[in-house]
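Observations on chain architecture
Read off the chains here:
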Amino acid sequence: MKTLIRVAYGASCDFAGIALLLYLAGFVTNIGVPKTIDTGLRAPIPVALANNTLLIVILFLHYSAMAQPWFRGWSSRVPHFPHTLERSTNVLFASLPLVLLIWLWQPLPTVIWDAQSAPARFVLLALGVAGWITVLLFAILIRHAEFLNIKREFIQFPSVGFRNMRFLPSSAYRFAAHLETAGALVAIWVTPTMTVGHLWFSLGISMYLFLTAISPNAEKACGLAAALHAMGRPDEAREFLVDVIFRNPGHVGAQSQLARILKMDARLVSDEAKRENAERRALIEAARASLENDPFFTPSRFWDQICAKHEQLLDQLGINNFKRSVAHQYQNWLIHSSKDIQWRRLLEIWKANRTWQPVLNTVEGADDAGWNVDPPFYPLSSPSSMAIYKLAVGILWEHALAKDHFGFLKHFEESTIGNPIRIRRNGSLISQDAAHSARELNTLFHRAHITRDQSLTFAELGAGHGRLAEMIGRFTNSRYLIFDIPPALAVSQWYVQQLFPNERTFQFREFSSWDDIEDEVDSCRFAFFTPNQIKSFPHKSVDVFINFCSLMEMRREQISWFLDRIGQMTRHSFMSKQYYTWKNIADGIVVTQGDFAMKRDFDLVYDQPDEINKDLFVQLWTRRAR
């Protein structure tokens, strides 16, 4: 339902923009609308000229503001606002000064010229109408399809692919844009009756068109290039960016974006990338086939959509860059807005701790962070966004370090495997992932009475890229089992093997029964499975089971089954972190805290909101002593 509302909203915005252009045509030609350029309340000539000039200046300033980099991408700074609706909302923003101009325009009806003969009037009127038709055709067929982009709302439907969108080449688009400008000039100047008010409007709009024509439109072209590249059309993306750089030699953003695209494209054609992509896809297909053998375990629609996006990110950017792409979907959130709920909470913590270390930390250049595909934007591409992210990670690290009673962070440095955004504290790399992992494991170890020197078996359902497995592997003697769906399973298996090349690992594969693999799994430090394979594990085969924010993304019957199975498998403790209320729009369900209660032989020993994100709750269940 929400998707339909978004589509209706986006389409309404675009059609409203076209309707306003139609009204403007009637306004200028004095045809078919109640308020025209030569009607309305009159004022003294100096007052009318000043008023009308101010309206045209507001129109230009409004356009100029919307074209600035600080304005573009505003939807990413508004919590819960769909990025796919930003361009359609911009149509509404762009319409405001035009509505104001039509409403407040004061007529100056003194006639400058007036064609008397009927043929002359007909020809002049026909030329003016032809000019408006040219403008409207461009708006409907090109501008609304590309920059205002009515099609963009429909990418939320699986049956309508993002790749189906079509864009004009850069040269063809420039020609069409020049044709639109010529049509606009004909529309406002060619008229059978020219009044002083109409002349002033024509002069003002001509100056407006001239200034907008010479103003850099590079930001729009960069956004379009990102969309083209995301759809697998790199040649067209490069053409747009080369054209931007040719016309704006000092445009750093376009240069950086072109360099990034060239780097990605070079990686995709390299033998190493082809081999890596082929190996990852083979694992993904094998894991997907395993899940499809039992329809009950197929991922929810929500995860079908997310996994498709993640596979695209991994194909384009490579697994070597996963900490800049899919990892941001695994709770390594890109905190880059002052309105972010976690940022507000971290500021409260910072005021209480009173440490300047987060300010002293360093971070790499902003242009090299925050890759994403859909929508094609870079959340950390501005210095202000990167500054917020750096401070957020730094504050979180100091908070986690102060409460790290089990010493997970004391000698920890973020691995460069996966190419993380490099934030350094006194020269050592830190990360949001490690800080969260340390917080969670301190809660688990303290409440479940676990020590680091114990040799336990941990299991996790939905492990992301394996951040908890990394912490357990580095600082304990315990084993770690991961159950996950592709492509996350492929990422975590690759990452853990890169981190611990000397440790024995059971890589994902199909097996008939637990007896076939028991000895091999028991001899391995790490093991990887698809969720359906959890059926084969014997009762009480793991000491601690963990699930963070993935049970909630399943179908309700799957949630119930996995909780029951976790209860059978777990000897000691089950730790869970979920949203208090999760609205799964794709599958049409809403799950709440009560849906995650253990149903057998377990006591709830810890139940608190997450310290950083109050929308999440953290629970620890321990098996009841008999």
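Residues numbered from 1 in each chain as written. Predicted model: local features only at pLDDT ≥ 70, side-chain atom pairs only at ≥ 80, totals over all residues. Heavy atoms only, no water.

Turning next to the overall build of the protein chain. For the protein chain, the helix and strand inventory stands at 19 helices and 15 strands. Expressed as a percentage of the 626 residues in the protein chain, the buried residues total 54%. By sequence separation, contacts in the protein chain at least 24 residues apart represent 74% of the contacts at least 6 residues apart. Total accessible area on the protein chain is roughly 27,600 Å²; 60% of this is exposed by carbon and sulfur atoms. (Helix = DSSP H or I, 4+ residues; strand = E, 2+ residues; numbered from the N terminus. Buried < 20%, exposed > 50% of the residue type's maximum accessible area, 1.4 Å probe, protein only. Contact = heavy atoms within 4.5 Å. Areas by Shrake-Rupley, 256 points an atom, 1.4 Å probe, with all protein chains shown as cover.)

Take the packing of aromatic side chains next. Here the structure, examined in full by the defined rule, presents 30 aromatic pairs. Taken together, W397, F406, F408, F412, F445, F458, F475 and Y480 form an aromatic cluster joined through their ring pairs. For R452, the ring lying beneath its charged end belongs to F408, and the centroid distance is 5.9 Å. (Phe/Tyr/Trp six-rings, centres within 6.5 Å; stacked < 30°, edge-to-face > 60°. Lys NZ or Arg CZ within 6 Å of the ring centre and 35° of its normal.)

Right, let's get into the confidence of the model for the protein chain. Of all residues in the protein chain, 82% have pLDDT values of 70 or greater, and the mean over the chain is 83. Note on residues 143–168: pLDDT is under 50 here. Beyond four places in sequence and across chains, it has 83 contacts. (pLDDT = per-residue confidence, 0-100.)

Together, D515, D516, E518, D519 and D522 line one region of the surface with negative charge. As for its placement among the helices and strands, E518 is situated in helix α18 (residues 514–522). The exposure class assigned to E518 is partly exposed, which follows from its relative accessible area of 30%. (Patch = residues over 30% accessible without salt bridge, like charges linked within 9 Å, V, L, I, M, F, W, Y side chains within 5 Å. Salt bridge = Lys/Arg side-chain N within 4 Å of Asp/Glu carboxyl O. Lys, Arg positive; Asp, Glu negative; His and termini not counted. Charge placed at Lys NZ, Arg CZ, Asp CG, Glu CD.)

Right, let's get into the pattern of salt bridges. Applying the stated rule across the entire model yields 25 salt bridges. The salt bridge partner of R280 is D315, with a shortest N-O separation of 2.7 Å. Within this pair, whereas R280 is found in helix α10 (residues 271–292), its partner D315 is found in helix α11 (residues 301–317), the two being separated by 35 residues in sequence. On the basis of relative accessibility, which here comes to 5%, the residue R280 falls in the buried class. Close ionic contact of D543 with R571 constitutes a salt bridge, the shortest N to O distance being 2.9 Å. Of this pair, D543 sits in strand β10 (residues 542–548) while R571 is found in strand β11 (residues 570–579), placing the two residues 28 residues apart along the sequence. With a relative accessible area of 13%, D543 lands in the buried category.

Glancing now at helix α16 (residues 467–475). Of all 9 residues that make up α16, 8 are buried, and the element is covered over most of its length. Those residues of α16 that fall on the buried side of the exposure criterion are R467, L468, A469, E470, M471, I472, G473 and F475.

Moving on, we come to the packing of α10 against α11. It is at 10 Å that the axes of α10 and α11 come closest, and there the two elements cross at 165 degrees. As far as their axial angle goes, α11 and α10 are roughly antiparallel. Where α10 crosses over α11, the handedness of that crossing is right-handed. For the pair α10 and α11, contact is made by N277, R280, R281, I284 and R288 and by E311, L314 and D315, respectively. Considered class by class, the residues forming the contact of α10 with α11 number 2 nonpolar, 1 polar and 5 charged. (Axes fitted to C-alpha atoms, helices over the stretch in contact; angles between N-to-C directions. Parallel < 35°, antiparallel > 145°, perpendicular 65-115°, else oblique. Left-handed = near helix turned anticlockwise from the far one by under 90°. Nonpolar A, V, L, I, M, F, W, Y, C, P; charged D, E, K, R; others polar.)

The antiparallel open sheet is built from 3 strands, whose spatial order is β3-β4-β5. Of all strands in the sheet, those with a lone pairing partner are β3 (362–363) and β5 (428–430), marking the two edges. Both β3 and strand β4 (residues 423–425) contribute to a ladder of 2 bridges, which runs antiparallel. Note on β4: the bridge partner recorded for T362 is R424. Taken strand by strand, helix α14 (residues 383–402) contacts β3, β4 and β5, and its axis lies near 40 degrees from that of β4. (Pairing = 2+ DSSP bridges.)

Right, let's talk about helix α17 (residues 488–499) for a bit. If you check α17, its first and last C-alpha atoms are 16 Å apart, about what 12 residues at 1.5 Å a residue would give, namely 16 Å. With respect to burial, α17 is a largely interior element, 9 of its 12 residues being buried. Taken residue by residue, α17 has A488, L489, A490, V491, S492, Q493, Y495, V496 and L499 as its buried positions. Check the buried side of α17 and you find it contacts α10, α11, α16, β7 (479–483) and β9 (526–529). (Expected span 1.5 Å × (residues − 1).)

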